[in-house]
Amino acid sequence: MMKNAIYILMYSLLLGACTAEEVVIEPVIPETMEVPISFDLSMTGPATRAFLPKEANVRDCYVDKVDVYVYSRPEDGNYMEGNKRDGFTYRSQVTLTAQETGETGEGQPRYTASGVLSLSSGYDYYITAVAYSQKQGEDKLFKRGDNNYLMQSCLELTDSEYKTPEFFFGTVVHNERDTVFNYQDVKNDKQTSLTGWLYRGVAGIEIALTNVPDSVKKIELLADTIYTKVGASHYDDFTQAYAEQKCNDYSRFVLGEAGYDEQEGIIGESVKITDQDTIFHIVGPNLLTNICTSLSLRITGENGQSFCRLRLRDTDGHDMPETRSIPSGGGNGTGIILGGEETPEYPEEGGDGEAEKNPYQVCFKRNNYYQISGNYDSLLTQKYVLRVTVNPNWDMDVSLPLDKSEGSTE
């Protein structure tokens, strides 16, 4: 009987020991908070504004949407030293809509894109933003790349002709300076808000042809080389677009067009008719950069189509503008800087002189605007050369080489 009692006691002790080890760990529920984010899209000060009177810029800017991409990483991870973007993965997206919110100091309408982001404890954050025009249908022209790692993030063109939105890109900051910040940093900031500068990430093109005969119904501007993807983790990615597409048979890529509307007797905005002249004006095409391509025209007339490849030359320009500074004043968030960031210029080395230029090739640089003009009467002659005016920052004339891409070593 005593032996049985001992066995029962030992069994009970063992059973109790096993039960004690089965400790239930309660899951840690992360703390969350809503943080306001705001972009003033008509920022005053030395920065050029996104919404200007029509006569004050080379072409209108229609930005009305800002996609905000939120990336996060565990705050206690082991990340590459000195690499602020290491370890971040895609978390969520918020799309902000521009609203008119009063006037600027110069009496122009003020447009602000505002909203809130949800942040969770235990994480670092890195947030990017891409602005574009839904009104112009640009939201249908691109998508965020499938890769969820920040360092491999990209924007991908989806249109069959690879038409490009007028992208503005920026990195959201906390305390007006920190591109990487922690949940606790934001929580401890009593006046917390997130802001960011948005810089133009594309090159723009327009072409105006005078003396167009009545027999011409439509003129299309085509490129033979297009980049279709661009990195989206840093503004410098927009000088290194990739995924090249090439076509040399005049079938693609249509950058833009001008011509008569299909309804008989109605003239669209792309055609201007006066007593002395008929002008076809193509405004709106953009390109991901830095890209070198030839340009062609596909001309549709009463008797079918004809084609010509454009010969181009620089125009005389003015001196480069003085370095622009970023406004340090207050305001609700920051905004869009049409002029982009300053990029240092370095003289090219080597060689005994300038190599012969390719008269059919233009190298398009980020945040430069290319205005092409010419006389249609002379267009189809083999020796005729069109004029190109290059406007860095899209608002002034500066002579730049057309056949050498920014950063090119060839």
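This structure is a prediction, so every number in the text was calculated from the model and none was measured.

Reading the values: the criteria
Throughout this document, residue positions are counted from 1 along each chain, in the order its sequence is written. At least 70 in pLDDT is required for a residue's local features to be given in this predicted model, at least 80 for side-chain atom pairs to be given and counted, and no such filter applies to totals for whole chains, interfaces and linings, which use all residues. The basis for every side-chain value is the complete set of non-hydrogen atoms in the structure, without hydrogens or water. Throughout, nonpolar core names a set of buried Ala, Val, Leu, Ile, Met, Phe, Trp, Tyr and Cys residues whose side chains join them through atoms within 4.5 Å. Burial classification: accessible surface area is computed with a 1.4 Å probe over protein chains only, and a residue below 20% of its type maximum counts as buried, one above 50% as exposed, and the rest as partly exposed. We call two residues contacting when some pair of their heavy atoms lies within 4.5 Å. Each helix corresponds to a stretch of at least 4 residues labelled H or I by DSSP, and each strand to a stretch of at least 2 residues labelled E; elements are numbered beginning at the N terminus. Strands are labelled as partners when DSSP assigns at least two bridges between them. pLDDT runs from 0 to 100 and stands for how confident the predictor is about each residue. In plain terms, two cysteine sulfur atoms within 2.5 Å form what is called a disulfide here. The convention used is that axes are lines fitted to C-alpha atoms, helices contributing only their stretch in contact, and that angles between N-to-C directions extend from 0 to 180 degrees. Salt bridge criterion: a side-chain nitrogen from Lys or Arg within 4 Å of a carboxyl oxygen from Asp or Glu. Here a polar contact is taken to be a pair of N or O atoms separated by no more than 3.5 Å, where protein atoms must pair a possible hydrogen donor with a possible acceptor and residues adjacent in sequence count only if both atoms sit in side chains. Throughout, the protein atoms alone are placed on a 1 Å grid, and a set of points is a cavity if a 1.4 Å probe fits but cannot get out or a pocket if it is open with protein on both sides within 12 Å along at least five of seven lines; lining residues have an atom within 4 Å of a point. Grid points are joined across faces, edges and corners, and a volume is the space filled by probe spheres set on the points. Lys, Arg, Asp and Glu make up the charged group, whereas Ala, Val, Leu, Ile, Met, Phe, Trp, Tyr, Cys and Pro make up the nonpolar group; the residues left over, Gly among them, are polar. Only centres within 6.5 Å qualify two rings of Phe, Tyr or Trp (six-membered ring in Trp) as a pair; their planes then separate them into stacked at under 30 degrees, edge-to-face at over 60, and tilted for everything else. Geometrically, a lysine NZ or arginine CZ counts as sitting over a ring once it is within 6 Å of the ring centre and also within 35 degrees of the ring normal.

Draft legend 1. Structural view of the nonpolar core. In this structure, Leu297 and Leu310 are the most contacted members of the largest nonpolar core, which totals 57 residues. In contact with leucine 310, other than residues within four places in its own chain, are Ile207, Leu221, Leu295, Ser296, Leu297, Pro359, Tyr360, Leu379 and Leu386. Grouped together as the second largest cluster of nonpolar side chains are 26 residues, Phe39, Val63, Leu117 and Tyr183 included.

Draft legend 2. How the structure looks around the pairing of strand 12 (residues 203-210). Within strand 12, 7 of the 8 residues are buried, which leaves the element mostly enclosed by the surrounding structure. Pairing geometry for strand 12 and strand 18 (residues 278-287), over 6 bridges, is antiparallel. Counted as the bridge partner of alanine 208 is histidine 281 from strand 18. One ladder, built from 7 bridges, connects strand 12 with strand 24 (residues 368-375); its direction is parallel. Opposite threonine 210, over in strand 24, you have asparagine 375 as the bridge partner.

Draft legend 3. Region of the structure containing the pairing of strand 16 (residues 254-259). Counting buried residues in strand 16 gives 5 out of 6 residues, a clear majority hidden from the surface. Sheet analysis places strand 13 (residues 216-223) next to strand 16, joined by 5 bridges and oriented antiparallel. Bridged to leucine 222 within strand 16 is valine 254.

Draft legend 4. Seen up close, the confidence of the model for the protein. Summary statistics for the protein give a mean pLDDT of 78 and a share of 72% for residues scoring 70 or more. Segment residues 317-334 is flagged for pLDDT under 50; beyond a separation of four residues in sequence, or across chains, it makes 45 contacts in the model. Every residue in residues 341-355 scores below 50 in pLDDT, and together they form 9 contacts with partners more than four places removed in sequence or on other chains.

Draft legend 5. Structural view of the state of the cysteines. In total, this model carries 1 disulfide according to the counting rule given. Residue pairing for cysteine 292: its cysteine sulfur links by disulfide to cysteine 363, the two sulfurs lying 2.0 Å apart. Taking the sign of the torsion about the S-S bond as the criterion, the disulfide between cysteine 292 and cysteine 363, at about 105°, is right-handed. Of the two residues, cysteine 292 is situated in strand 19 (residues 291-301) and cysteine 363 in strand 23 (residues 361-364); the sequence distance between them amounts to 71 residues. Residue classification places cysteine 363 among the buried positions, given a relative accessible area of 1%.

Draft legend 6. Representation of the sheet that holds strand 14 (residues 225-231). The antiparallel open sheet is built from 4 strands, whose spatial order is 6-7-14-15. Each of the sheet's edge strands pairs with one partner strand only, and the pair in question is strand 6 (142-144) and strand 15 (242-246). Adjacent strand axes in the sheet meet at a mean angle of 25° when their direction is disregarded. By the bridge criterion, 3 bridges tie strand 7 (residues 154-157) to strand 14 in an arrangement that is antiparallel. Note that in strand 14 the partner of glutamate 156 across the bridge is lysine 229.

Draft legend 7. Layout of the pattern of salt bridges. Applying the stated criterion to the full structure yields 8 salt bridges. For aspartate 236, the salt bridge goes to arginine 366, with nearest N and O atoms at 4.0 Å. Of this pair, aspartate 236 sits in the loop between strand 14 and strand 15 while arginine 366 is found in the loop between strand 23 and strand 24, placing the two residues 130 residues apart along the sequence. A residue is classified by how much of its surface remains accessible, and aspartate 236, at 38% relative accessible area, is partly exposed.

Draft legend 8. Structural context of the side chain of threonine 228. The topology assignment puts threonine 228 in strand 14. Given a relative accessible area of 6%, threonine 228 falls into the buried group. Engagement of the side chain of threonine 228 in a polar contact is seen with the backbone oxygen of alanine 243, the distance being 2.9 Å. Once residues within four sequence positions are removed from consideration, threonine 228 is found in contact with Leu155, Glu156, Leu157, Tyr162, Tyr242, Ala243, Gln245 and Leu288.

Draft legend 9. Structural detail: the layout of surface pockets. The space that makes up the second largest pocket amounts to roughly 960 Å³. Together, 32 residues line the second largest pocket, and Arg59, Tyr62, Gln136, Val283 and Gly284 are the ones closest to its centre. Sorting the residues of the lining of the second largest pocket by element identifies strand 16 and strand 18 as the ones contributing at least two each. No other element matches strand 18, which puts 7 residues into the lining of the second largest pocket. A breakdown of the residues in the lining of the second largest pocket according to their chemical character gives 14 nonpolar, 9 polar and 9 charged.

Draft legend 10. Spatial organisation of the packing of aromatic side chains. Scanning all chains against the criterion turns up 12 aromatic pairs. Centroid distance phenylalanine 142 to phenylalanine 167: 4.9 Å. Interplanar angle 90°. Geometry classified as edge-to-face. Of this pair, phenylalanine 142 sits in strand 6 while phenylalanine 167 sits in the loop between strand 7 and strand 8 (168-174), placing them 25 residues apart in sequence. The burial state of phenylalanine 142 is the same as that of phenylalanine 167; both residues are buried. Taking the ring centre of tyrosine 79 as reference, the NZ or CZ of arginine 73 above it sits at 4.2 Å. Of note, arginine 144 hangs over the ring of tyrosine 90, and the distance from its end group to the ring centre comes to 3.6 Å.

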